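So you can see what is in the structure, the chains are spelled out below.
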Amino acid sequence: MSLLQVAQLKVEYASPIGTFKAVDGVSFEIARGEMFGLAGESGCGKSTTAFAICRLLQSPARLAGGSVAFDGQELTSLSDAAFQPYRWSRMSVVLQSAMNNLNPVMRIGAQLTDVILSHEPRTSPKDALERAKSLLEMVELSAACIDRYPHELSGGMRQRVVIAMALALKPDLVIMDEPTTALDVLTQKAIVSRITELRRQMGFAVLFITHDLPLMLEVCDRIGIMYAGQMVETGSAEQLLRQARHPYTQGLLRSFPSLRGPKLRIAGIPGSPPDLSVPQSGCRFRSRCPHASEICAIAAPPELADERGMVACHLYREAVIGDEPHFAIAR
Ligand code: SF4
Ligand code: MG
């Protein structure tokens, strides 16, 4: 059984001009210890999906349907009190701006011990402090940071503190939404490589969101590509790099300079995503898709899955070879 199973997730925002369907039927799974990336242009619903999973949606956003099962437990139907034991202990969150996660008037040590003591009240304050120090060392910060206030640390150091906090209670899943975006490139690389090392040592799974697709392809096991509130393709990083199937994924990959192999031209995808406050029909990518045909305007493409992943595009149709489902190019 997967650690996290998200099925047909829907999130809506009410606005004066109508209901904005930010996430519209998104499904994916994350296995134990797996690093799963969510990619797509800004506004495609990546962060909203992550927020819905860890119940951080704020009004006017609301969960409009679907299911989030964590280790077999449906989370969407739990009361806030029943969800409380999951927060930090089983599932933690690292957001882009460390300042939003840290209390500016509390020393780093007190913030770390707070997390430990509030969830494990039988821990002695002395043990909690020792644990806080080793957590800081784990993210390559000196134990001396324990006496500092957040404003006395650099952005990169603060983000390391937030990661230490997120790992303090040894969660099974860490949700990271653009965890290093505000930082310089070298600091980003150092932090992400530390996260991947710790993941190997500690075995937690990661839901990783970044707009840096090359980085995602480098560090994630599997990746889901979102477009206009929907999942259009999933697959291993290797699979997407070698043989992305969805025209949007192919375009997205061409928008970045390639990491390995021949240098590809950096080409953006012309056009922009549809307005999600008006009802959608057909394939949402069709106005930008070089392969669009009549059917793409009429019918939403079904999600087809095989051992390589999922793709939602009319270019493919189901075919059964032996007992295994395979895709054939439809045209
Ligand atoms: Fe392009 Fe049609 Fe596939 Fe959509 S369904 S990505 S428009 S070919
Ligand atoms: Mg975002």
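Residues numbered from 1 in each chain as written. Chains lettered and ligands numbered in written order. Predicted model: local features only at pLDDT ≥ 70, side-chain atom pairs only at ≥ 80, totals over all residues. Heavy atoms only, no water.

The chain is annotated in an unreviewed UniProt entry as ABC transporter ATP-binding protein of Paenibacillus aurantiacus. Its UniProt record, at the heading Sequence similarities (unreviewed entry), says of the chain: "Belongs to the ABC transporter superfamily." Turning to the chain, the UniProt annotation filed under Subcellular location (unreviewed entry) states: "Cell membrane". (UniProt positions renumbered as here; feature names shortened; annotations may be inferred.)

(A) Structural context of the overall build of the chain. A count of helical and extended segments in the chain gives 11 helices and 14 strands. Relative to the globule expectation of 20 Å for 331 residues, the C-alpha radius of gyration of the chain, 21 Å, shows essentially globular dimensions. Each principal axis of the C-alpha atoms in the chain carries an extent, and together these give about 65 × 45 × 45 Å. Across the 331 residues of the chain, 48% fall into the buried class. In the chain, the share of contacts with a sequence separation of at least 24, taken over all contacts with a separation of at least 6, comes to 60%. Accessible surface computed for the chain: about 15,600 Å², of which carbon and sulfur atoms make up 54%. Here the chain contributes 34 positively and 34 negatively charged side chains, and the mean placements of these two sets differ by 3 Å. (Helix = DSSP H or I, 4+ residues; strand = E, 2+ residues; numbered from the N terminus. Rg over C-alpha atoms; globule rule 2.2 N^0.38 Å. Buried < 20%, exposed > 50% of the residue type's maximum accessible area, 1.4 Å probe, protein only. Contact = heavy atoms within 4.5 Å. Areas by Shrake-Rupley, 256 points an atom, 1.4 Å probe, with all protein chains shown as cover. Lys, Arg positive; Asp, Glu negative; His and termini not counted. Charge placed at Lys NZ, Arg CZ, Asp CG, Glu CD.)

(B) Seen up close, the packing of helix 4 (residues 108–119) against helix 6 (residues 155–167). Two elements in contact, helix 4 and helix 6, have axes whose closest approach is 9 Å; the angle formed by their N-to-C orientations is 20°. Relative to helix 6, helix 4 is oriented roughly parallel. As for the relative orientation of helix 4 and helix 6, their crossing is right-handed in sense. Taken together, the residues of helix 6 that come into contact with helix 4 (itself represented by Ile 108, Gln 111, Leu 112 and Val 115) are Val 161, Ala 164 and Met 165. (Axes fitted to C-alpha atoms, helices over the stretch in contact; angles between N-to-C directions. Parallel < 35°, antiparallel > 145°, perpendicular 65-115°, else oblique. Left-handed = near helix turned anticlockwise from the far one by under 90°.)

(C) Here's a closer look at the pairing of strand 8 (residues 205–209). Burial runs high along strand 8: five of the five residues are buried. The two faces of strand 8 match: Ala 205, Leu 207 and Ile 209 on one face and Val 206 and Phe 208 on the other face are all buried. When strand 3 (residues 35–39) meets strand 8, the two strands line up parallel, connected through four bridges. Considered in strand 8, the bridge of Phe 36 is made with Leu 207. Bridging between strand 7 (residues 173–177) and strand 8 involves five bridges; their strand directions are parallel. Paired with Leu 173 across the strands is Ala 205, a residue of strand 8. Crossover handedness for the path strand 7 to helix 7 (residues 185–202) to strand 8: right-handed. (Pairing = 2+ DSSP bridges. Right-handed = clockwise from strand over helix to strand, strands pointing away.)

(D) Molecular detail of the site of ligand 1. Neighbouring residues of ligand 1: 13 residues in total, closest Cys 283, Cys 289, Cys 296, Cys 313 and His 314. Tallied by class, residues from the shell around ligand 1 come to eight nonpolar, three polar and two charged. (Near = heavy atom within 4 Å. Nonpolar A, V, L, I, M, F, W, Y, C, P; charged D, E, K, R; others polar.)

(E) Spotlight on the sheet that holds strand 1 (residues 4–15). Spatially, the four strands line up as an open sheet ordered 2-1-4-5, and their pairing is antiparallel. In this open sheet, the two edge strands, each paired with only one partner strand, are strand 2 (18–30) and strand 5 (73–74). For strand 1 and strand 2, the ladder comprises 10 bridges, and the chain directions are antiparallel. When the sheet's bridge partners are listed, Leu 9 is paired in strand 2 with Val 26. Where helix 1 (residues 46–53) meets the sheet, its contacts fall on strand 1, strand 2 and strand 4 (61–70), and the angle it forms with strand 1 comes to roughly 110°.

(F) Looking closely at the side chain of His 314. Looking at where His 314 falls in the secondary structure, it is placed in the loop between strand 12 (309–312) and strand 13 (316–321). A polar contact of 2.7 Å, which involves the side chain of His 314, links it to the backbone oxygen of Ala 299. (Polar contact = N/O pair within 3.5 Å; in protein donor to acceptor, adjacent residues only side chain to side chain.)

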